[in-house]
Amino acid sequence: MLVIAGYLVVLGSVFGGFAMAGGHLAALFQPLELLMIGGAAIGAFLVGNDAKAIKATLKALPSVLKGSKYTKARYMDLLALLFEILTKIRRDGMMSVENDIENPESSQIFSKYPDVLSDHHLMDFICDYLRLMSSGNMDAFQIENLMDNEIETHHHESMVPSHCIARLGDGMPAFGIVAAVMGVVHTMESVGLPPNELGMLIAHALVGTFLGILLAYGFVGPLASLLERKADESSKMFQCAKVTFLASLNSYAPAIAVEFGRKVLYSTERPEFTELEAHVKQAKAR
């Protein structure tokens, strides 16, 4: 809803201000200018990206109309899940979670947290490192390096849509100039027309520059920033799991390990210590 509200503010401010200054809104309606700018931008987008980037961008675009799924409740579920897993390992040994790791969908522990279970990237991350931890006395520094590399790879992939949209927005002012130049060329070849008609042609040509800049900075550019923010949020779940696992590998108790994980969360979603403790107890009772 914020995206739609923002777009309405942009349109209302720009076109409303133009109308209040005495401008005629009909003069700004130039579908051919939009065709040239939009068509050239889409063509450049297809040329400048491979099939994987195009597919990832098209898949990510609908998410801009949805709120963030990375809420405090989701982070608390992740920490409660990690606490239960680490507590079971500490009490019964690493092999006690083998069935949970291999079949998380049928696990009594994982099934308590459907939001975490539905994130297959995060589930792969958790289960893979639990397997590594169960395979022997792993060096915490080596696992940390491996985790960092995997998180970096995930973040790089998540940032592809935002980079594609940002480059698309960067090119739109230039395509607006191209559309304006085409309009000027058309005006110059019509130089024999009366002055009032030439003035209309020049006005139409200038609309191309206006539309290119408006689309770039009022519509496309903000989408790139929003997608970048969503990519950063998705990586925070992995960082939380990473810090918790490393604390456990360094022999910290599960309650202390999840406290390490809690500390890396953004302050807007980070639960209080007592709040998390109560949530963990409630989850264990289910």
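Residues numbered from 1 in each chain as written. Predicted model: local features only at pLDDT ≥ 70, side-chain atom pairs only at ≥ 80, totals over all residues. Heavy atoms only, no water.

Enquirer: How should I be thinking about the overall build of the protein in this particular structure?
Expert: Each helix and strand in the protein was counted, giving 11 helices and 0 strands. Listing the helices and strands of the protein from first to last along the sequence gives α-α-α-α-α-α-α-α-α-α-α. Over its C-alpha trace the protein gives a radius of gyration of 27 Å, far above what one expects of a compact globule, namely 19 Å for 286 residues. Seen along its three principal axes, the alpha-carbon backbone of the protein occupies a region of about 90 × 35 × 30 Å. A total of 286 residues make up the protein; the buried ones form 40% of that total. The contacts of the protein with a sequence gap of at least 6 include a subset with a gap of at least 24, amounting to 76%. Of the roughly 15800 Å² of accessible surface on the protein, 64% is carried by carbon and sulfur atoms. The averaged location of the 30 negative side-chain charges in the protein is 7 Å from the averaged location of its 23 positive side-chain charges. (Helix = DSSP H or I, 4+ residues; strand = E, 2+ residues; numbered from the N terminus. Rg over C-alpha atoms; globule rule 2.2 N^0.38 Å. Buried < 20%, exposed > 50% of the residue type's maximum accessible area, 1.4 Å probe, protein only. Contact = heavy atoms within 4.5 Å. Areas by Shrake-Rupley, 256 points an atom, 1.4 Å probe, with all protein chains shown as cover. Lys, Arg positive; Asp, Glu negative; His and termini not counted. Charge placed at Lys NZ, Arg CZ, Asp CG, Glu CD.)

Enquirer: Is there a simple way to explain the nonpolar core in this structure?
Expert: Note on soluble globular proteins: their nonpolar side chains tend to be buried together. Formed by 40 residues in total, the largest nonpolar core has its most connected members in Leu78, Leu81, Ile126, Leu130 and Phe245. Put simply, the parts of the chain that give this core at least two residues each are α4 (72-92), α7 (120-134), α8 (140-189), α9 (195-249), α10 (254-263) and α11 (273-284). When residues of this core are assigned to their parent elements, the largest contribution, 10 residues, is made by α4. In this structure, Ala41, Leu168, Leu223 and Leu227 belong to the second largest nonpolar core, which totals 16 residues. (Core = buried A, V, L, I, M, F, W, Y, C linked by side-chain atoms within 4.5 Å.)

Enquirer: Is there a simple way to think about unusual backbone geometry in this case?
Expert: Most peptide bonds are trans, and most residues other than glycine sit at a negative phi. Within the chain, serine 251 stands out as a residue other than glycine whose phi angle is a positive 75°. Relative to the elements of secondary structure, serine 251 occurs in the loop between α9 and α10. Serine 251 sits in the exposed class, given a relative accessible area of 60%.

Enquirer: It is not clear to me how the state of the cysteines should be interpreted in this structure. Could you clarify?
Expert: Two cysteines, two sulfur atoms, one covalent bond between them: this is a disulfide. A complete count under the given rule lists 0 disulfides for this structure. For cysteine 127, which is in no disulfide, the shortest distance to another cysteine sulfur is to cysteine 240 and amounts to 16 Å. (Disulfide = S-S within 2.5 Å.)

Enquirer: I tried to follow the packing of α7 against α8 on my own but got confused; where do I start?
Expert: When two helices pack together, their arrangement is captured by the angle between the axes and the distance separating the axes. Put simply, α7 and α8 touch, their axes get as near as 12 Å, and they point 160° apart. Relative to α8, the element α7 is oriented roughly antiparallel. Helix-helix and strand crossings are classified by hand; for α7 and α8 the assignment is right-handed. On the side of α7, the interface is formed by Phe125, Tyr129, Leu132 and Met133, while α8 contributes Ile143, Leu146, Met147, Glu150 and Ile151. For the contact of α7 with α8, the class distribution of residues is 8 nonpolar, no polar and 1 charged. (Axes fitted to C-alpha atoms, helices over the stretch in contact; angles between N-to-C directions. Parallel < 35°, antiparallel > 145°, perpendicular 65-115°, else oblique. Left-handed = near helix turned anticlockwise from the far one by under 90°. Nonpolar A, V, L, I, M, F, W, Y, C, P; charged D, E, K, R; others polar.)

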